[in-house]
Amino acid sequence: MALCSVLCLVVICMCCTAIHCQDTSDNVQGVQYRCSARDGRDGRDGRDGTKGERGSDGVQGEKGDRGEQGITGAPFVPNVKQCAWDDISDRRNNAIIKDCTFNKTSTQSALRVLWHGNFRAKSESYSCTRWYFTFDGQECSNPLPIDTVLFTHSNVNFHFGSSVEGLCYGLPAGRVDVEFRVGSCRSYPVSTDLYTGWASVSRIIIEEIGRASCRERV
């Protein structure tokens, strides 16, 4: 009985549910308590640990299989056109000498233009004649006009071969009318006795260059 009482008192301090207990030697009944503890709340997460040192490089992997063959690209097709005339002998001093229509395929490309033929300008007083290109009636502005000039103060009948060439950027895709013209210079009157393309072949060559894609078409 004494032992049972001691055990029950110890258990009472820690437990919440009571049951009967019995000392069989003296047939004395007592009370025994059974504990049923509850789980406590989870504690707070601890702070992140310090970053560890970088690990050593792993073993190099095996070489992979060869990839599939790519799609064959479209072949490059130059976009070039030439217009040519024999013995045009044009004596006008403010006009379109010749024009050549071109189909430009890309908005991101430039046009390279070339005129080759002969010129003559006679004048008893100071004069200056200008030959130049226009595109759909407008001179090139990106970067600058494409032209040449001849200043004269002589009645010498001298015909000389010459080329006028340049690049023009910023032209839209589609049809472009390329014109070769003659007119006055900036500060002097134009000669009144001119020849363009006398007794020889004159030509305009147009080439589209710097296209972003060969597949881009109008």
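Shown above is the structure to which this text applies.
Because the structure is a prediction, the values reported are computed rather than measured. (Residues numbered from 1 in each chain as written. Predicted model: local features only at pLDDT ≥ 70, side-chain atom pairs only at ≥ 80, totals over all residues. Heavy atoms only, no water.)

(A) Representation of the overall build of the protein. The helix and strand tally for the protein stands at one helix and 11 strands. Start at the N end of the protein and walk to the C end: the helices and strands fall as α-β-β-β-β-β-β-β-β-β-β-β. Counting the 218 residues in the protein, one finds 32% classified as buried. For the protein, long-range pairs separated by at least 24 residues make up 77% of all intrachain contacts whose partners lie at least 6 apart in sequence. (Helix = DSSP H or I, 4+ residues; strand = E, 2+ residues; numbered from the N terminus. Buried < 20%, exposed > 50% of the residue type's maximum accessible area, 1.4 Å probe, protein only. Contact = heavy atoms within 4.5 Å.)

(B) View of the pairing of strand S6 (residues 127-135). Counting buried positions along S6 gives nine out of nine residues, so the element sits mostly inside the fold. The two faces of S6 match: Ser127, Thr129, Trp131, Phe133 and Phe135 on one face and Cys128, Arg130, Tyr132 and Thr134 on the other face are all buried. By the bridge criterion, six bridges tie S6 to strand S7 (residues 147-152) in an arrangement that is antiparallel. Counterpart to tryptophan 131 in the pairing with S7 is threonine 148. (Pairing = 2+ DSSP bridges.)

(C) Expanded view of the sheet that holds S7. The four strands lie next to each other as S4-S9-S6-S7, forming an open sheet whose pairing is antiparallel. Either end of the sheet is taken by a strand with one partner, and the two such strands are strand S4 (95-104) and S7. Sheet twist, expressed as the average angle between the axes of neighbouring strands with direction ignored, equals 10°. (Axes fitted to C-alpha atoms, helices over the stretch in contact; angles between N-to-C directions.)

(D) Quick peek at the packing of aromatic side chains. This structure, assessed with the given rule, holds eight aromatic pairs. Here phenylalanine 158 and phenylalanine 160 contribute two aromatic rings whose centre-to-centre distance is 6.0 Å and whose plane-to-plane angle is 15°, an arrangement assigned as stacked. Site record: aromatic cluster; members linked through ring pairs are Trp115, Phe119, Trp131, Phe133, Phe158, Phe160 and Phe180. Between the NZ or CZ atom of arginine 130 and the centre of the ring of tyrosine 132, over which it lies, the distance is 4.3 Å. (Phe/Tyr/Trp six-rings, centres within 6.5 Å; stacked < 30°, edge-to-face > 60°. Lys NZ or Arg CZ within 6 Å of the ring centre and 35° of its normal.)

Everything listed here is a matter of geometry and, on its own, says nothing about what the molecule does.
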